[in-house]
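# Structural characterization, general
These are the residues of each chain, in order.
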Amino acid sequence: MNTHLPHEAAGQGGWSASLAERDLVLTDQDFARIRELIYQRAGIVLAEHKREMVYSRLAKRLRHHGLTHFADYLARLERQPEAREWEAFTNALTTNLTAFFREAHHFPLLSRHVAERRDKVRVWSAAASTGEEPYSIAMSLREALGSRADQAEVVATDIDTDALDRARQGIYALEQVTKLEETRIKRFFQKGSGRRAGFARVRPEVAAMVEFKSLNLLAPGWPLEGPFDAIFCRNVMIYFDKTTQARILQRFAPLLKPDGLLFAGHSENFSYISEAFRLRGQTVYTLAPRP
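Residues numbered from 1 in each chain as written. Predicted model: local features only at pLDDT ≥ 70, side-chain atom pairs only at ≥ 80, totals over all residues. Heavy atoms only, no water.

### Examining the sheet that holds strand β4 (residues 189-191)
- Spatially, β3-β5-β4 is the arrangement adopted by the 3 strands of the open sheet, whose pairing is antiparallel. Across the chains shown, the open sheet's two edge strands, defined by having one partner strand only, are β3 (171-173) and β4. The average undirected angle you get between the axes of adjacent strands in this sheet is 30°.
- Pairing analysis gives 3 bridges linking β4 to strand β5 (residues 199-202), with the strands arranged antiparallel. Among the inter-strand pairings, lysine 191 is bridged to a residue of β5, identified as alanine 200. (Pairing = 2+ DSSP bridges. Helix = DSSP H or I, 4+ residues; strand = E, 2+ residues; numbered from the N terminus. Axes fitted to C-alpha atoms, helices over the stretch in contact; angles between N-to-C directions.)

Printed below as a string of structure tokens:
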């Protein structure tokens, strides 16, 4: 959900349908039920003012199924708890706001943290979204480790399977890439030509460092093993309530190496949520000493 959660800013631009233009029926009861279902499924807390966003995003699913009432769509979901449509429902309500080297101050710190490592470096990007964050991590590891980066590993997970599919392709619009330093563009991207003009692809040696997996942070089991040198979980916790945040932080702790780092988003503060971590610097945490 690095955001590869539903894009807040970008998404709102697409939520312009006025009430008068609506052709589908979303009642107060439907909206309340949707909030409850996405909380149960993904831990996402949808605020009351997200109603327009919900209408816009789920309307596509209703039209896909030829439905005109949200109540009918929700009834279908609840009758089939194992249906594939649950994945589309979750993907639709997940935000994916991300960028290469977003919150840039984290990456030099990561580079310094791993530069002298002699054992295998492993980093978890816990909200990989469409791939910009895990690829930025992989590029930082290549800059810090040189040829040893071939043995490094970036595990990139997200609940949004559509976003993960795009991430695996590693292809981005040029305007996303040209904001980077020229040296990074030349070293880590291949510019498209012909029918691929206007796009750039992450170079194979960078892509090979990243393994993408589907993972719901609320699931009782996570398909990965520690320890990691660092965990990036940025701009995700803001979608969870405090109880869920605390539970996830407790599960992060044993997956970090003793001196590992946990990177949070710019608006997230874990200091009063979990005793497992202590603040080390600007939105960066390390494991707290055990009593």
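Now that the structure has been shown, we can carry on.
### Some points on the packing of helix α4 (residues 70-79) against helix α5 (residues 85-92)
- Here α4 crosses α5 at 125°, and the two axes come no closer than 10 Å. Judged on the interaxial angle alone, α5 and α4 are oblique. Counting all contacts with α4, which are made through Tyr73, Leu74, Leu77 and Glu78, the residues of α5 involved are Glu85, Trp86 and Phe89.
- Among the residues forming the contact of α4 with α5, the class breakdown is 5 nonpolar, no polar and 2 charged. (Parallel < 35°, antiparallel > 145°, perpendicular 65-115°, else oblique. Contact = heavy atoms within 4.5 Å. Nonpolar A, V, L, I, M, F, W, Y, C, P; charged D, E, K, R; others polar.)

### Here we look at the packing of helix α2 (residues 28-42) against α4
- At their nearest, the axes of α2 and α4 sit 10 Å apart, and the two run at 30° to each other. Overall, the two elements α2 and α4 adopt an arrangement that is roughly parallel. You can see that α2 and α4 cross each other, and the crossing is left-handed. Mapping the contact onto sequence places Asp30, Arg33, Ile34 and Leu37 in α2 and Phe70, Ala71, Leu74 and Glu78 in α4.
- Residues belonging to the contact of α2 with α4 are distributed by class as follows: 5 nonpolar, no polar and 3 charged. (Left-handed = near helix turned anticlockwise from the far one by under 90°.)

### Side note on the nonpolar core
- In this structure, Ile34, Phe89, Trp124, Phe252, Leu262 and Phe277 are the most contacted members of the largest nonpolar core, which totals 55 residues.
- With residues up to four places along the chain from it excluded, the contact list for leucine 262 reads Ile231, Cys233, Leu249, Phe252, Leu256, Phe270, Phe277, Thr283, Val284 and Tyr285.
- Core analysis: the second largest hydrophobic core is formed by 38 residues, Met139, Val154, Leu164 and Val284 among them. (Core = buried A, V, L, I, M, F, W, Y, C linked by side-chain atoms within 4.5 Å. Buried < 20%, exposed > 50% of the residue type's maximum accessible area, 1.4 Å probe, protein only.)

### Section: the sheet that holds strand β6 (residues 210-214)
- An order of β6-β2-β1-β7-β8-β10-β9 is seen for the 7 strands of this open sheet, with the pairing classed as mixed. Of all strands in the sheet, those bounded by a partner on one side alone are β6 and β9 (277-281). The sheet shows a mean angle of 25° between the axes of neighbouring strands, taken without regard to direction.
- Strands in contact with helix α12 (residues 242-252) are β1 (122-125), β7 (228-232), β8 (256-263) and β9; relative to β8, the strand with the most contacts, it is inclined by about 145°.

### Some points on the packing of aromatic side chains
- This model, assessed by the stated rule, comprises 14 aromatic pairs.
- Their ring planes at 80° and their centres at 4.9 Å tell us that phenylalanine 100 and tyrosine 172 sit as a pair that is edge-to-face. Here phenylalanine 100, found in the loop between α5 and α6 (106-114), pairs with tyrosine 172, found in strand β3; they are 72 residues apart in sequence, far enough to count as distant.
- According to the relative accessible area criterion, phenylalanine 100 is buried, its value standing at 8%.
- Judged by its relative accessible area of 3%, tyrosine 172 is buried.
- Aromatic pair tyrosine 135 and tyrosine 172: ring centres 6.3 Å apart, planes at 80°, arrangement edge-to-face. In this pair, tyrosine 135 sits in helix α7 (residues 132-145) while tyrosine 172 sits in strand β3, placing the two residues 37 residues apart along the sequence.
- Assessed through its relative accessible area of 2%, tyrosine 135 is described here as buried.
- Members of the aromatic cluster, joined through ring pairs, are Phe100, Tyr135, Tyr172, Phe189 and Phe212.
- Its end group placed over the ring of phenylalanine 101, arginine 184 keeps NZ or CZ at 3.9 Å from the ring centre. (Phe/Tyr/Trp six-rings, centres within 6.5 Å; stacked < 30°, edge-to-face > 60°. Lys NZ or Arg CZ within 6 Å of the ring centre and 35° of its normal.)

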